[in-house]
Amino acid sequence: MVIGRTACGKTTLVNALNEEDKPIRKTQNLIYGKNTIDVPGAYIENTWMYKYLISAMQDASQVLILVDQSKPAEVYSPGFAKVFRCPVIGVITKADIMPGNEAKCIQQLKEIGAADPYFKISVQQGVGISALKEYLFNQKAR
C-alpha cells in the first residue's frame, strides 16, 4: 500500500513498482495494481478518512509512507505508523529536488514511526527505484 499527501509522487511510484505507464490523474478511489494499492492523498489529508485507510490496510503486506522532499509538509501525526500491523517503509520522493530538505524528511519519517532504512527515490531520474524494488519484492524471501 502506498500512502502520501496529494502530488507527492504516489502514482508515479506505483507505476514504477507495477512496471506500467498509466496516466497520472487525481482520483478519490483506491486503485489496486499488480503489486500495489494506490491510496488517494485525501485519505491522509483528512483524519476522518483514516478508518478507510485502516480498513484498506487489511489487504496490504507492506505500507510505504511517502514524504515529498520538494515540499516536506507535515501531514502525518507522530507515531502514525503504529496503526499498521505490517511493515512500514519510509520513502523520500523527489529526492533530486531541494536536497537541503533531506534531513527534515528523515526526521518526519522517524517521528511517524517508519523504520530504517529510508529509501530516497526520484522516479524521473531513475534514482533509488531498483533498491526499493529489491527490498520490497525480496522481503518475503527473508
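Residues numbered from 1 in each chain as written. Predicted model: local features only at pLDDT ≥ 70, side-chain atom pairs only at ≥ 80, totals over all residues. Heavy atoms only, no water.

Let us now look at helix H5 (residues 129–137). Those residues of H5 that sit buried are Ile 129, Leu 132, Lys 133, Tyr 135 and Leu 136. For H5, the buried positions fall inside an angular range of 165 degrees around the axis, keeping them on one side. For H5, the elements touching its buried residues are helix H1 (10–18), strand S4 (63–68), strand S5 (88–93) and strand S6 (115–120). (Buried < 20%, exposed > 50% of the residue type's maximum accessible area, 1.4 Å probe, protein only. Helix = DSSP H or I, 4+ residues; strand = E, 2+ residues; numbered from the N terminus. Arc of directions from axis to C-beta. Contact = heavy atoms within 4.5 Å.)

Per-chain confidence: the protein chain averages 90 in pLDDT, with 96% of residues scoring 70 or above. Per-element mean pLDDT across the protein chain ranges from 86 in helix H3 (residues 50–56) up to 97 in S5. (pLDDT = per-residue confidence, 0-100.)

This part is about the pattern of salt bridges. Summed over all chains, the structure comprises 4 salt bridges. A salt bridge links Lys 94 to Asp 68; the nearest nitrogen and oxygen atoms lie 3.4 Å apart. Taken together, the positions of Lys 94 in the loop between S5 and helix H4 (102–112) and Asp 68 in strand S4 put the pair 26 residues apart, joining distant regions of the chain. Residue classification places Asp 68 among the buried residues on the basis of a relative accessible area of 2%. Taken together, the salt bridges that share partners define one network made up of Arg 5, Asp 68 and Lys 94. (Salt bridge = Lys/Arg side-chain N within 4 Å of Asp/Glu carboxyl O.)

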